[in-house]
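The lines below spell out each chain.
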Amino acid sequence: MERLRAGPTEDSTTTLSMHDDGYDHTEVERRWQEAWDDASVYRTPDDVSDPTYVLGMYPYPSGQLHMGHVRNYTITDAYARYRRMQGDDVLHPMGWDAFGLPAENAAKERDTNPRDWTFDCIETMKGQMESMGFGYDWEREVTTCVPEYYKWNQWLFRRFHEEGLAERRDAEVNWCPSCETVLADEQVEGDDELCWRCDTPVESRELDQWFLKITEYADELVDYIDELEGWPDSVRQMQRNWIGRQYGTRLTFDVEGHGPVEAFTTRVDTIFGATFFALAPDHPISEQLIEEDDAVHEFVHHEADPDGDEPNGVETDLTATNPITGEEIPVFVADFVLSDVGTGALMGVPGHDHRDHDFAEKMGVDIEPVIAPSEDEVPDISEEAFTDDGVLVNSGEYSGLDSETARERLTEDIDSAETDTQYRLRDWGISRQRYWGTPIPVVHCDDCGPVLVPGEDLPVELPEFVNTTGNPLDEADEWKQTSCPDCGGEATRETDTMDTFVDSSWYFLRYVSPGLDEAPFDLERANDWMPVDQYVGGIEHAVMHLLYSRFVTKTLADHEGLDHREPFENLLAQGMVQLEGEKMSKSVGNVVSPPANRRGVRRRHRPPVHDAGRPTRTGLRLDRGGRPIGVRLPDATERRDRDVRRGRHRDHRRPGFGHRLRRRRNRGRRHDCR
């Protein structure tokens, strides 16, 4: 606190910088900021013990700050100052999420290179932050696009690979034809499945991709959510929904001419009411039927629409045998069955599932009640399915059992049945076909296959940028040609780079020892200083960044000795600043930069512009009282409702067997894949 009391060294206390036109806040702030810098007020020495760690999600350097940034960083700055005033040592750092496709595209448009563009943006944004007086320890600044940082991304990849948590496999991926790169499921947005960056309709492609096995941690990721008491309930629920763990039963139905076909259900207690069997349009049996049955071919290629408002399907000539009743039931190919949810096949129980009920009515399939609120009260299912647990009726020897007991008994009694757990979460595809990212440290040898680059040869640095279509690394012939670390023969470098969420999955650890050359972070210090006490950022990162950060932290705890299995103790998901009804974002072009606002504040004694809706010097629009319109923070109810909607609808999207049949997990569909 003595450093704070020192104040400016000049005799500035004799004047309050009062000018004829009012209080000159710019001059006063500049003087005090210089004094604070001279006194190293915001510096966190390495030898402090367990400082209060306050962190705002670091920004993408896109040119200038906007008021959305300012809101976020004002919150952390105010809290950090408060904790300092309480006598705490405070760690309050800042850095730059500096890789990414936007910089590459901007460089192409301006005939420059992404590095120069990115560092110009960083210089501008850092200057704005400094002018606003944010209390950061700039000695801990990290920038993810420099080799000193991304070397450790490559090191992490090697460790994942060594522990069996990274693998390369052929996969159907989301492909943006405009950005010419793969997108994660989380980066495909909206009912029309558009690229999150450019709004181009996403296609599907088969490509060899690198994956990190986040699914190995699915149970821990979902189990520990209840322990995150300092997180908003809406964010925790969004993560539960995304992981999508379901307990149920896996069992087989014998399909005529094809043998046993597996199905998964959470409601095996309803099996006596299964009156049809349905296959996904890209199920192996469906693909065979496409070649043999004109009706199936027509449906799959021209009619099926998994995003449609109503379930649709086509009946086949096949039947399936109900494993408990022995009855033959018709087999359909249906567009509401998803091959990457469950097994791609389900038993249809129209009496006790709304989607099955709609489908059965459309297709003329029987609807039978087998679950009732009580033995004496059989529900009327003619208009609507009864979906609650209850008591079994019309179910042979199992009638009278409650649903939970019946599920246990039926799973034991059906020969092919066994308990099973299903997840919506899929492994994290990190391959991106672009230049401006961390090179994946792998070479491809005709004799040895994919081989890791040795640790002593890291970092694998990016070559000079070539302005070309597609992935510039594919054109860097001299860089691509190398030798195999195993056999010494000719080899080529991996030209995919890492998803930028790899950068942000551990950057909070780098702040504890940003200049360390021997390791990604000082383990002893990280064990002392972590977890982050207060984290602040947008709720739009609830699934991607926060989930990946939790996964990487748990992996480092298991394999590198990190004491903490969760990175963030308390999370504040601040509201969004909006302009004219839309989130303030450079991609929308509706940002207001803080320098303009600072000038506006300085001139606040001048008469405001009273023409409602007329743009002012700052870019804000004023009402007739001179107040800004269109820039607001949604109230708590609006935020909560919006967050819940996002938790339900920002689901796993993975394009499937064609443009009209994109695999979507859980948009208006049931979770259980019965």
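Just so it is clear, the model here is predicted, and its values are computed rather than measured.

What counts as what
Residues numbered from 1 in each chain as written. Predicted model: local features only at pLDDT ≥ 70, side-chain atom pairs only at ≥ 80, totals over all residues. Heavy atoms only, no water. Helix = DSSP H or I, 4+ residues; strand = E, 2+ residues; numbered from the N terminus. Buried < 20%, exposed > 50% of the residue type's maximum accessible area, 1.4 Å probe, protein only. pLDDT = per-residue confidence, 0-100. Contact = heavy atoms within 4.5 Å. Pairing = 2+ DSSP bridges. Axes fitted to C-alpha atoms, helices over the stretch in contact; angles between N-to-C directions. Parallel < 35°, antiparallel > 145°, perpendicular 65-115°, else oblique. Patch = residues over 30% accessible without salt bridge, like charges linked within 9 Å, V, L, I, M, F, W, Y side chains within 5 Å. Areas by Shrake-Rupley, 256 points an atom, 1.4 Å probe, with all protein chains shown as cover. Salt bridge = Lys/Arg side-chain N within 4 Å of Asp/Glu carboxyl O. Lys, Arg positive; Asp, Glu negative; His and termini not counted. Charge placed at Lys NZ, Arg CZ, Asp CG, Glu CD. Core = buried A, V, L, I, M, F, W, Y, C linked by side-chain atoms within 4.5 Å. Polar contact = N/O pair within 3.5 Å; in protein donor to acceptor, adjacent residues only side chain to side chain. Left-handed = near helix turned anticlockwise from the far one by under 90°. Nonpolar A, V, L, I, M, F, W, Y, C, P; charged D, E, K, R; others polar. Expected span 1.5 Å × (residues − 1).

## Let's talk about the overall build of the protein
Scanning the protein for helices and strands turns up 19 helices and 35 strands. Residues counted as buried form 54% of the 674 residues belonging to the protein.

## Topic: the confidence of the model for the protein
When pLDDT is averaged along the protein, the result is 84, and 82% of the positions lie at 70 or above. Of the regions scoring below 50 in pLDDT, residues 9–17 engages in nine contacts with residues more than four places distant in sequence or in other chains. For the stretch residues 596–674, pLDDT sits under 50, and the model shows 205 contacts to residues farther than four places along the chain or on other chains.

## What about the sheet that holds strand E26 (residues 490–493)?
On the basis of which strands lie adjacent, the open sheet formed by four strands has the order E24-E23-E26-E25 and antiparallel pairing. In this open sheet, the two edge strands, each paired with only one partner strand, are strand E24 (449–452) and strand E25 (481–483). Within this sheet the neighbouring strands show an average axis-to-axis angle of 40°, counted without direction.

## Some remarks on the packing of helix H8 (residues 233–243) against helix H17 (residues 544–560)
Across the interface, H8 lies against H17 with an axial gap of 10 Å and an inter-helix angle of 75°. Between H8 and H17, the crossing angle belongs to the class labelled roughly perpendicular. Of the residues in H17, those in contact with Val-235, Gln-239, Trp-242 and Ile-243 of H8 are Leu-546, Leu-547 and Arg-550.

## Regarding a negative patch on the surface
A cluster of acidic residues, Asp-309, Glu-310, Asp-358, Glu-361, Asp-380 and Glu-383, forms a negative patch on the protein surface. Locating Asp-380 in the fold gives a position in the loop between strand E18 (371–372) and strand E19 (391–392).

## As for the nonpolar core
Soluble globular proteins tend to bury their nonpolar side chains together. The biggest cluster of nonpolar side chains holds 96 residues, and the ones touching the most others in it are Met-129, Phe-157, Trp-428, Tyr-507, Phe-508, Leu-509 and Tyr-535. The leading source of residues in this core is H17, at eight residues. Contact partners of Leu-509, with chain neighbours within four places excluded, come to Phe-521, Ala-526, Met-530, Leu-556 and Leu-562. Core analysis: the next-biggest nonpolar cluster, separate from the first, contains 38 residues, Ile-290, Phe-299, Ala-304 and Ala-345 among them.

## Side note on the pattern of salt bridges
Side chains carrying opposite charge are able to pair once their charged atoms draw close together. The full count for this structure, using the stated rule, is 38 salt bridges. Here Glu-167 ties to Arg-169 by a salt bridge, and the two come within 2.2 Å at their closest N and O atoms. Taking relative accessible area as the criterion, Glu-167 reaches 27% and is therefore assigned partly exposed. With a shortest N-O distance of 3.0 Å, Arg-267 and Asp-269 are connected by a salt bridge. A residue is classified by how much of its surface remains accessible, and Arg-267, at 8% relative accessible area, is buried. A single network of salt bridges, built from pairs that share partners, joins Glu-220, Arg-550, Lys-554, Asp-558, Arg-565 and Glu-566.

## Here we look at the side chain of Thr-275
For Thr-275, the location among the structural elements is in the loop between strand E13 (259–265) and strand E14 (276–279). A polar contact of 2.8 Å, which involves the side chain of Thr-275, links it to the backbone oxygen of Asp-366. Non-local contacts of Thr-275, meaning those with residues more than four positions away in its chain, are made with Ile-329, Pro-330, Gly-348, Pro-350, Val-365, Asp-366 and Glu-368.

## Overview of the environment of Asp-254
Along the polypeptide, Asp-254 turns up in strand E12 (residues 246–255). For Asp-254 and Pro-323, which are 69 residues apart along the polypeptide, the C-alpha to C-alpha distance reads 7.8 Å. Sequence-distant contacts of Asp-254, defined by excluding residues within four places in its chain, comprise Gly-259, Pro-260, Thr-319, Ala-320 and Thr-321.

## Examining the packing of helix H9 (residues 284–292) against helix H10 (residues 294–303)
Between H9 and H10, the least distance of the axes is 6 Å, while the angle of their chain directions is 115°. As for how H9 packs across H10, the hand of that crossing is left-handed. In contact with Ser-286, Leu-289, Ile-290 and Glu-292 of H9, H10 contributes Asp-294, Val-296, His-297, Val-300 and His-301. Looking at the contact of H9 with H10 residue by residue, the class counts come to four nonpolar, three polar and two charged.

## Details of helix H2 (residues 25–38)
Between the first and last C-alpha of H2 there are 20 Å, a value that for 14 residues agrees with the 20 Å anticipated at 1.5 Å per step. Of the residues one or two after H2, Ser-40 is the one with positive phi, at around 50°.

## So, unusual backbone geometry
In this chain, Leu-458 is followed by Pro-459 through a cis amide linkage whose omega measures 5°. Within the secondary structure layout, Pro-459 lies in the loop between E24 and helix H13 (477–480). At the junction of Met-530 and Pro-531, the peptide bond is cis and its omega measures out at -5° in the coordinates. Position of Pro-531 relative to the elements: it lies in the loop between helix H16 (523–529) and strand E28 (534–538).

## Section: the side chain of Asn-527
When you line up the elements, Asn-527 lands in helix H16. Judged by its relative accessible area of 18%, Asn-527 is buried. Each residue touching Asn-527, except ones within four places of it in the same chain, is listed here: Gly-561, Leu-562, Asp-563 and His-564.

## Description of the pairing of E28
A regular strand places its side chains on the two faces of the sheet in alternate fashion. For E28, the buried fraction is high: five of the five residues fall into the buried class. Of the strand pairs in this sheet, strand E3 (residues 52–56) and E28 are connected by three bridges, and their pairing is parallel. In the strand pairing of E28, Gly-56 is matched with Val-536. Across four bridges, the pairing between E28 and strand E29 (residues 571–574) is parallel. Within E29, the residue paired with Gly-537 across the bridge is Ala-573.

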